[in-house]
Amino acid sequence: MLCNVPRPRNAEATRAAILAAAQERFSNQSYDEVGMRDIAGDVGVDAALVSRYFGSKEELFEIVLDSCDKGLDLMDGDRADFGRRVAQAVILQPTHAGKLRGLMILLRSIASARAMEIIQRNADTRFHRPFADWVGGPDGAVRARLAAGFIMGMAVSREVTGGYGLNADQCRRMVDRMAEVLQALIDG
C-alpha cells in the first residue's frame with residue numbers, strides 16, 4: 001500500500017513562479033488592473049502566500065521593477081567609449097525580453113498615480129542618482145538626465161516602430177551621430 005505523503009514544497013521555485021507571474025501581469029495590464037488574487041491564480045497558490053513572500057501589491061510591484069533590466073550596465077565599461085557602446089546597443093543590438101518587459105510595465109502603468117510614485121522612486125534610487133554620480137562633474141545630474149532621456153527616447157522609438165526603417169548604412173551613420181552626442185554629454 002502506498003502512503004499518501006505530501007509532496008515536498010519548494011519555496012524558492014514557488015517564489016520565482018509568483019515573481020514571473022507578476023512580471024507577466026504587470027507587463028500586460030496596468031498596475032490598477034492587476035490583483036494579488038490574479039497573480040496567485042496564475043501560479044495556483046493562495047493569495048495569502050503571495051503576500052507572505054512579497055508583502056503588499058506595492059512591494060511586489062517594486063520587486064518586479066527591480067527584476068527588470070534598468071540600464072545599470074550603461075556604466076559598465078570604459079567611459080571613453082560610452083557613446084559608441086551605448087549607441088551601438090540601442091541601434092544595432094537586438095533587444096531582449098527583460099528590457100521590453102520593463103518598458104511595457106512603465107507604459108501600461110503610467111496612468112496610475114500610485115504606480116508612478118513607485119516607478120519614479122525606483123528609477124531615481126536605482127538608476128538616475130547612480131548614473132548622475134557616475135557622470136559627475138559640473139551639471140552631472142543635468143547631463144545624465146539628458147543622456148538618459150536621449151537613450152530612452154531612441155529605445156522607445158525603436159520598439160514602437162519595430163525598428164528605425166533605415167538601411168544598414170543609415171543605421172551606421174545614426175550610430176555615429178548618437179555616439180557623438182552621448183559622449184559629449186558624458187564628457188561635459
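Quick note: structure is the one above.
Not measured: the values here are computed from a predicted model.

J.: A description of the overall build of the protein should follow, citing residues and the corresponding values.
T.: From N to C terminus, the protein includes nine helices and zero strands. On C-alpha atoms alone, the protein measures out to a radius of gyration of 20 Å, which is more than a quarter above the 16 Å that the 2.2 N^0.38 rule sets for 188 residues. Dimensions of the protein, computed from C-alpha atoms along their principal axes, come out at roughly 70 × 35 × 30 Å. Out of the 188 residues belonging to the protein, those deemed buried represent 35%.

J.: Outline the packing of helix α1 (residues 11–28) against helix α2 (residues 36–43), supporting the account with residue identities and numerical values.
T.: Look at α1 against α2: their axes get within 9 Å of each other, and the N-to-C directions meet at 125°. Taken together, α1 and α2 sit at an angle that is classed as oblique. As α1 packs across α2, the resulting crossing turns out to be right-handed. Contact residues: Ala 17, Ile 18, Ala 21, Ala 22, Arg 25 and Phe 26 in α1; Asp 38, Ile 39, Asp 42 and Val 43 in α2. For the contact of α1 with α2, a count of residues per class yields seven nonpolar, no polar and three charged.

J.: Requested: an account of unusual backbone geometry, with residues and values cited.
T.: We note that Asp 139 has phi near 60°; this positive angle belongs to a residue other than glycine. By the element assignment, Asp 139 lies in the loop between α7 (113–135) and α8 (140–161).

J.: Explain the environment of Arg 15 residue by residue, including any values.
T.: Counting through the fold element by element, Arg 15 comes out in helix α1. Classification of Arg 15 by relative accessible area gives partly exposed; the value is 29%. C-alpha separation for the pair Arg 15 and Leu 49, spaced 34 residues apart in sequence, amounts to 9.1 Å. Setting aside anything within four residues of it in sequence, one finds Arg 15 in contact with Tyr 53, Phe 54 and Ile 63.

Scoring rules and cut-offs
Residues numbered from 1 in each chain as written. Predicted model: local features only at pLDDT ≥ 70, side-chain atom pairs only at ≥ 80, totals over all residues. Heavy atoms only, no water. Helix = DSSP H or I, 4+ residues; strand = E, 2+ residues; numbered from the N terminus. Rg over C-alpha atoms; globule rule 2.2 N^0.38 Å. Buried < 20%, exposed > 50% of the residue type's maximum accessible area, 1.4 Å probe, protein only. Axes fitted to C-alpha atoms, helices over the stretch in contact; angles between N-to-C directions. Parallel < 35°, antiparallel > 145°, perpendicular 65-115°, else oblique. Left-handed = near helix turned anticlockwise from the far one by under 90°. Contact = heavy atoms within 4.5 Å. Nonpolar A, V, L, I, M, F, W, Y, C, P; charged D, E, K, R; others polar.

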